[in-house]
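# Structure at a glance
Here is how the chains run, residue by residue.
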Amino acid sequence: KLKIVTIGGGSSYTPELIEGLINRCKSLPVTELWLTDVEEGKYKLEIIGKLAQRMVKRAGVPIKIYWTLDRREALPGADFVTTQFRAGQLEARDNDERIPLKYGVIGQETNGPGGMFNAFRTIPVLFGLIEDCKELCPDAWIISFTNPSGMNAEAVRRFTDWERFIGLCNGPVNMQKDIEKVLGLTKEDQLDVKFGGINHMVFALEVKVNGKDVGEELIDKMTGDGIRESLKNIVDIPWSEEFLKGYGYYGIGYLRYYLQKQQMLAHCMEEAQDQRNRARVVMEIEKELFRKYAEESLDIKPPELEQRGGAYYSDAACNLMDSIYNDKQDIQTVDTLNQGAISNMPDDVVVEVSCRITKDGPIPVPGLMLPIQAAGLVQQMKAFEILTTEAAVRGDYRKALVAMTINPLVQSEQTARKILDEMLLKNERYLPQF
Ligand code: NAD
Ligand code: G6P
Ligand code: MN
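Quantities reported herein were computed from a predicted structural model and do not represent experimental measurements.

Time to look at the site of ligand 2. Around ligand 2 sit 15 residues in total, of which Arg93, Asn170, Arg278, Arg308 and Gly309 are the nearest. Residue arginine 93 places a side-chain N or O atom 2.8 Å away from an oxygen atom belonging to ligand 2. Taking asparagine 233, its side chain carries an N or O atom lying 3.1 Å from an oxygen atom of ligand 2. Contact with the protein chains covers 93% of the free accessible surface of ligand 2, which is 390 Å². Partitioned by chemical class, the residues of the shell around ligand 2 number five nonpolar, six polar and four charged.

Before going further, it helps to examine the site of ligand 1. Neighbouring residues of ligand 1: 25 residues in total, closest Ser11, Asp37, Arg86, Asn147 and Arg308. In this structure, an oxygen atom belonging to ligand 1 sits 2.4 Å away from a side-chain N or O atom of serine 11. Residue glutamate 286 places a side-chain N or O atom 3.1 Å away from an oxygen atom belonging to ligand 1. When grouped by side-chain class, the residues that make up the shell around ligand 1 number eight nonpolar, eleven polar and six charged.

Turning to its location among the elements, alanine 266 is positioned in helix α11 (residues 261-273). Using a relative accessible area of 40% as the deciding quantity, one classes alanine 266 as partly exposed. Each C-alpha atom of the pair alanine 266 and valine 349 lies 33 Å from the other, and the pair is 83 residues apart in sequence.

Definitions and limits used
- Residues numbered from 1 in each chain as written.
- Chains lettered and ligands numbered in written order.
- Predicted model: local features only at pLDDT ≥ 70, side-chain atom pairs only at ≥ 80, totals over all residues.
- Heavy atoms only, no water.
- Near = heavy atom within 4 Å.
- Polar contact = N/O pair within 3.5 Å; in protein donor to acceptor, adjacent residues only side chain to side chain.
- Areas by Shrake-Rupley, 256 points an atom, 1.4 Å probe, with all protein chains shown as cover.
- Nonpolar A, V, L, I, M, F, W, Y, C, P; charged D, E, K, R; others polar.
- Helix = DSSP H or I, 4+ residues; strand = E, 2+ residues; numbered from the N terminus.
- Buried < 20%, exposed > 50% of the residue type's maximum accessible area, 1.4 Å probe, protein only.

Remember, this is a structural readout, not a statement about activity or role.
See below:
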């Protein structure tokens, strides 16, 4: 018996997960998949549950699919618990994206004030889930996609004693595919990338092909038309050749929010004015997707799902479960404690880093260092994350104010206070801790 429980099963990404499980049915022989959601997601959960049943039936794979609004009914004896819930639904994301803009600050679901409030809403739910897991599936691994993925992992490792928790992002998987493309690699080539940083601020620190370092070649080939932004949710404002070559490392697209701040802010403002901010766009995409998912004749993952930012989500989640289950010892990028892997980050903080994946979990690959052009920013962001988790867990207004003020997208006590106060009010019903 191999049982997976997915929290937030009504997510439109679930068919991608099902497809991933179907593709790996030999090495990861899942017998039960339980999808759980909350009342607001009931309608979506039912559509997804039925589609999942049709998908496994078509594939002829013996996975039993269950769904319930009571996670305690689902959890007993789970081997893996995956999370993909969105605390506060897309409406809360819409607020996260729009409110900071009123004060001239970028609004984004995992960055700046928006990311902070996403953490405030999400961390209490996650801690409740962990309490249930302690009781009902104490040996389970929690594989957590819910954003803000890095801060959630930081909160769990800092404030709970649950060790089998791994944060996950599809970003590094996408970056690795970009690298393959830019370098024009074939199946015979052995690509070896070492990632390091924090969630949504991660870098390819080492790039080797067939044992040879090709870091410089990669950057050379990325200038000009070499690479377009591959994450669908991030606007593709190009980097100049001088900057990219000077910087010397391929970083995740989210870096644009920090190093192309004015342009990104202007872009966010334009979109919000036309009701085209990402939450609104995703609401529309979702409507279409669920109309499609509800069709009885559909029994595969529809290609329309590729319009979402979470492409290759299932590869990341399923490969991770596969490697833990089979003690594969391969290298994957996850969010876990640094333990000395990145020399210029503290040992006891959560980083996003290449790890060897074993049956006992991820072991970070040692010997990495952030270059000076990135180190300061990553360290500052980690300070922001730690303060945010402290504020989230204790409901500490002062810590929240300091966290928001030191965030590189804010950098003003007065502005931070205004945003904080408005967002606290707007999110009141999701913030029992404040
Ligand atoms: P969504 O808005 O569709 O939410 C998913 C489901 O969660 C919904 O059905 C909703 O009803 C449910 N939900 C809300 N609160 C819940 C709770 N307390 N318990 C259980 N279920 C709850 O979101 P989505 O667009 O599918 O994204 C889901 C999550 O995954 C988000 O947090 C998103 O940011 C994240 N995500 C992360 C990555 C990554 O790289 N880590 C990639 C893609 C998506
Ligand atoms: C990227 C990020 C995810 C994020 C997603 C948003 O893939 O890695 O963390 O959730 O994009 O995509 P969306 O389609 O919801 O805007
Ligand atoms: Mn991500």
